[in-house]
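Each chain, written out:
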Number of protein chains: 2
Amino acid sequence: MNRKVMSAEAESKTPALILVNPQLGENIGAAARIAANFGFSDLRIVNPRDGWPNPAAEAMAAGALEVITPQVYARLEDALKDIHTVYATTARPRDMEKIVYGADEAIALAKAKQSQGQTIGILFGAEKAGLHNDVIAGADAIITLPISPKFSSLNLAQAVAVIAYEWVRGEAQNQKEAQKPFEEARELPATKQDFEGMMGHLQAELEEAGYFYPPEKTDLMMRNLKAAFARGEWTTQEVQTFRGVIKALAKGRGEKWRAGRLLADRNQE
Amino acid sequence: MNRKVMSAEAESKTPALILVNPQLGENIGAAARIAANFGFSDLRIVNPRDGWPNPAAEAMAAGALEVITPQVYARLEDALKDIHTVYATTARPRDMEKIVYGADEAIALAKAKQSQGQTIGILFGAEKAGLHNDVIAGADAIITLPISPKFSSLNLAQAVAVIAYEWVRGEAQNQKEAQKPFEEARELPATKQDFEGMMGHLQAELEEAGYFYPPEKTDLMMRNLKAAFARGEWTTQEVQTFRGVIKALAKGRGEKWRAGRLLADRNQE
């Protein structure tokens, strides 16, 4: 087996298509059909409104559910556990400090990451509402589709079709890129589970410290922090290091205070 | 009005999307919605099985039929009267002496023809059967989509979505190239002075907290932290926010300790 064959094999891996809170079984079925059409194997469904299995999905899938078996998750965190880089698809621009890519740019980048061993996820939001801002904040980047502002309500299945097509379209082109030397082979970013663990740790300590004021702003403030941290694509090691930093900052000063008090107490004795 | 603006206007013309003998109103409605999504204005329907207007189409169009009015024709010849070049979309290869293009190639070519004043049509066949061989024979070229041979039954609406996206994809790229200076107008990253100020603040608090152990490792540990933080290209606002975080973590817990001690002292009184 020569190098080129191996690289072609690595390239043929497809990303996880992740439907977040989908409502209509019809759309899930249509997404499964599209996934099968374009040769995808990893379809994940987070908290489908009407449960799973879903007869409407089966009807729309037109046999695709015999080719592809969606994994169903109760929570997004669970669906993202093994994912290294996740993209959020949005039609509407959001007021967020996030890198925004066109589908072609995003997928070219995602494939480069994948060829370095990363597992890629692409998030699709619910009908009407799309992805929640918190979910977008946790994503590594946003993919926007070139939708007319005059009629921007894109059906969920069509969003999946466009992304799936774009992935397969670039395949041939990307095989060329894959043959470039591994100049940018940097360490994998932490999984989303580790990243969210770090952000949860930070949030818990900031809550302890009374940082969030007024408390209603907690979500917004965390979203902004997440967006900033996510851009750095921290490695597992860096995430661990920063958890040590949080711990040290939160506990250290406490210990110093305690030490100071103890010293003061002792001096008063 | 300069050349670039004029060229952008010429580019904004879209081809006629022509559904030939569509069966399900749902698919016609979905196609109308996609056409509106991607800014198409010319949707033609040839001999729809269930007549026109069609309530199922209206439901699936989700309002798109107020934005785009399909023209309905009894015969394909009538629908093609004003068309100069017509492409036939097919998923399955046909045994025919025809030029076969990928969607990206075909659309690049179609745009070149359009800029010379041609009116372009793209044909989509009926559910299941696709386009009749006679229709394909009369087309100028075939567009194939990169469909998996293992599950090649592509829904009509998805075929329209992929072609419409492919048309607009090139468009967005063109416009972007015209606007290059603005395209990456993300907020500027903080100055190095602000960034170093933040890292200095973090280091000072970590030293206070006894984080660096053994102390000789301080430089190395800070270097690793800096590398991680620098990759995110934080804005001035994000740097300020994070300085607030450092302060809260370092002081907050101290204050909690102090409060605890004071409370303990008071209880002992």
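Chemist: What is the right way to look at the overall build of chain A in this model?
Modeler: Counting secondary structure elements, chain A contains 11 helices and seven strands. Counting over 269 residues, chain A shows a buried share of 52%. Contacts spanning at least 24 positions in sequence make up 86% of the contacts within chain A whose residues lie at least 6 apart. Summed over its atoms, the accessible surface of chain A is roughly 12300 Å², and 51% of this surface lies on carbon and sulfur atoms.

Chemist: Explanation requested: the nonpolar core in the structure shown.
Modeler: Note on soluble globular proteins: their nonpolar side chains tend to be buried together. Ranked by size, the top nonpolar core spans 87 residues in total, and within it Phe38(A), Phe124(A), Phe38(B) and Phe124(B) carry the most contacts. Ignoring any residue separated from it by four or fewer positions in sequence, one finds Phe38(A) in contact with Ala161(A), Ala164(A), Tyr165(A), Val168(A), Pro146(B), Ile147(B), Ser148(B), Leu154(B) and Val162(B). Counting 40 residues, the second-largest nonpolar core is a separate cluster that includes Met222(A), Leu225(A), Phe242(A) and Ile246(B).

Chemist: Help me out: how do you make sense of the side chain of Thr119(A) in this one?
Modeler: On the secondary structure map, Thr119(A) appears in the loop between helix H5 (103-115) and strand E6 (120-124). Each residue touching Thr119(A), except ones within four places of it in the same chain, is listed here: Lys13(A), Asp82(A), Ile83(A), His84(A) and Thr85(A).

Chemist: It is not clear to me how the interface of chain A and chain B should be interpreted in this structure. Could you clarify?
Modeler: When the parts come together, some accessible area is lost, and that loss is often what is quoted as the size of the interface. Between chain A and chain B, the contact holds 66 residues from the first and 69 residues from the second. At the boundary of chain A with chain B, total buried surface from both sides reaches about 5800 Å², with 61% on carbon and sulfur atoms. Between the two partners, chain A and chain B, sit four salt bridges. A salt bridge links Arg169(B) to Asp104(A); the shortest N-O distance between them is 3.5 Å.

Chemist: Quick question: what am I supposed to make of the packing of helix H9 (residues 192-208) of chain B against helix H10 (residues 218-231) of chain B here?
Modeler: Angle between the axes and distance between the axes are the two parameters that describe a pair of packed helices. All names here are of chain B. Where H9 contacts H10, the axes come no closer than 11 Å and their chain directions differ by 135°. One way to sum up the angle between H9 and H10 is to call them oblique. By crossing handedness, the relation of H9 to H10 is classed as right-handed. Where H9 abuts H10, its residues Phe-195, Glu-196, Met-198, Met-199, Leu-202, Gln-203, Leu-206 and Glu-207 lie against Thr-218, Met-222, Leu-225, Lys-226, Phe-229 and Ala-230. Its residues placed into classes, the contact of H9 with H10 shows nine nonpolar, two polar and three charged.

Chemist: Please explain helix H2 (residues 25-37) of chain B as it appears in this structure.
Modeler: For an α-helix the count is 3.6 residues per turn, leaving residues at separations of three or four pointing the same way. When the terminal C-alpha atoms of H2(B) are compared, their 18 Å separation across 13 residues agrees well with the 18 Å that a helix rising 1.5 Å per residue should span. Along H2(B), 12 of the 13 residues are buried, which leaves the element largely enclosed by surrounding structure.

Chemist: What should I look at first to understand the sheet that holds strand E7 (residues 141-144) of chain B in this one?
Modeler: Strands in a sheet are paired, the pairing made by backbone hydrogen bonds, and the direction either parallel or antiparallel. Residues and elements named next belong to chain B. With parallel pairing, the seven strands of this open sheet are ordered in space as E3-E2-E1-E6-E4-E7-E5. With one partner strand each, in any of the chains shown, strand E3 (71-73) and strand E5 (100-102) form the two edges of the open sheet. When strand polarity is set aside, the average angle formed by the axes of neighbouring strands in this sheet is 30°. Its contacts with the sheet place helix H5 (residues 103-115) against strand E4 (85-90), E5, strand E6 (120-124) and E7, and it is angled at close to 100° to E5.

Chemist: Would you explain the pattern of salt bridges in this entry?
Modeler: When their charged atoms lie close together, side chains carrying opposite charge are able to pair. Counted by the stated rule, this structure contains 21 salt bridges over all chains. With a shortest N-O distance of 2.6 Å, Lys192(A) and Asp140(A) are connected by a salt bridge. Remark: Asp140(A) occurs in the loop between helix H6 (133-138) and strand E7 (141-144) and Lys192(A) occurs in helix H9 (residues 192-208); sequence separation between them is 52 residues. Connected via shared salt-bridge partners are Asp104(A), Glu166(A), Arg169(A), Asp104(B), Glu166(B) and Arg169(B).

Chemist: Could you clarify how one ought to interpret the confidence of the model for chain A in this entry?
Modeler: Residue and element names in this part refer to chain A. With 81% of its residues at a pLDDT of at least 70, chain A reaches an overall mean of 84. Within the model, pLDDT remains below 50 along residues 1-11, and this stretch shows 13 contacts once partners closer than five positions in the same chain are excluded. Residue range residues 173-185 is modelled with pLDDT below 50. Its contacts to residues more than four positions away, or to other chains, number 11 contacts. At the level of chain-chain contacts, confidence expressed as ipTM amounts to 0.72, with global pTM at 0.74.

Chemist: Sorry if this is basic, but what is going on with the environment of Asn37(B) here?
Modeler: Within the element layout of this structure, Asn37(B) appears in helix H2. Asn37(B) sits in the buried class, given a relative accessible area of 0%. With 127 residues separating them along the chain, Asn37(B) and Ala164(B) place their C-alpha atoms 9.0 Å apart. If near-sequence neighbours (up to four positions away) are discounted, Asn37(B) is found in contact with Pro146(A), Ile147(A), Ser148(A), Phe151(A), Ser152(A), Ser153(A), Leu154(A) and Asn155(A).

Chemist: For this particular structure, what's the right way to read the packing of helix H2 (residues 25-37) of chain A against helix H7 (residues 156-169) of chain A?
Modeler: Residues and elements named next belong to chain A. Two elements in contact, H2 and H7, have axes separated by 8 Å at closest approach and are oriented at 15°. Taken together, the axes of H2 and H7 are roughly parallel relative to one another. Note on packing geometry: the crossing formed by H2 with H7 is right-handed. Seen from H2, the contacting residues are Asn-27, Ala-30, Ala-31 and Ile-34; seen from H7, they are Leu-156, Ala-157, Val-160, Ala-161 and Ala-164. Partitioning the contact of H2 with H7 into residue classes produces eight nonpolar, one polar and no charged.

Chemist: Where do I start with the packing of aromatic side chains in this structure?
Modeler: Between two aromatic rings, the relevant description is the distance of the centres plus the angle of the planes. In the structure shown here, the tally under the stated rule is 17 aromatic pairs over all chains. Seen in terms of ring centroids, Phe229(A) and Phe229(B) are 5.9 Å apart; in terms of plane orientation they differ by 65°. Their pairing is edge-to-face. In this pair, Phe229(A) is assigned in helix H10 (residues 218-231) and Phe229(B) in helix H10, connecting two distinct chains. Phe229(B) carries the same exposure label as Phe229(A), and that label is buried. The interplanar angle of 45° and the centroid separation of 5.2 Å between the aromatic rings of Phe229(B) and Phe242(B) together place this pair among those described as tilted. You can see Phe229(B) sitting in helix H10 and its partner Phe242(B) sitting in helix H11 (residues 236-268), a full 13 residues away along the chain. What makes Phe242(B) buried here is its relative accessible area of 1%. Site record: aromatic cluster; members linked through ring pairs are Phe229(A), Trp234(A), Phe242(A), Phe229(B), Trp234(B) and Phe242(B). The side chain of Lys192(A) reaches across the aromatic face of Phe195(A), ending 5.6 Å from its centre.

Chemist: How do you make sense of the pairing of E7(A) when you look at a structure like this?
Modeler: Regular strands show a simple pattern: their side chains alternate between the two faces of the sheet. Residue and element names in this part refer to chain A. Sheet topology places strand E4 (residues 85-90) next to E7; four bridges connect them, and they run parallel. Residue pairing for E7: Ala-88 is matched across the bridge by Ile-142. Taken together, the three bridges between strand E5 (residues 100-102) and E7 define a ladder with parallel strand orientation. Bridge pairing in E7 links Val-100 to Ile-142.

What counts, and at which threshold
Residues numbered from 1 in each chain as written. Chains lettered and ligands numbered in written order. Predicted model: local features only at pLDDT ≥ 70, side-chain atom pairs only at ≥ 80, totals over all residues. Heavy atoms only, no water. Helix = DSSP H or I, 4+ residues; strand = E, 2+ residues; numbered from the N terminus. Buried < 20%, exposed > 50% of the residue type's maximum accessible area, 1.4 Å probe, protein only. Contact = heavy atoms within 4.5 Å. Areas by Shrake-Rupley, 256 points an atom, 1.4 Å probe, with all protein chains shown as cover. Core = buried A, V, L, I, M, F, W, Y, C linked by side-chain atoms within 4.5 Å. Buried area = accessible area lost by both parts, 1.4 Å probe. Salt bridge = Lys/Arg side-chain N within 4 Å of Asp/Glu carboxyl O. Axes fitted to C-alpha atoms, helices over the stretch in contact; angles between N-to-C directions. Parallel < 35°, antiparallel > 145°, perpendicular 65-115°, else oblique. Left-handed = near helix turned anticlockwise from the far one by under 90°. Nonpolar A, V, L, I, M, F, W, Y, C, P; charged D, E, K, R; others polar. Expected span 1.5 Å × (residues − 1). Pairing = 2+ DSSP bridges. pLDDT = per-residue confidence, 0-100. Phe/Tyr/Trp six-rings, centres within 6.5 Å; stacked < 30°, edge-to-face > 60°. Lys NZ or Arg CZ within 6 Å of the ring centre and 35° of its normal.

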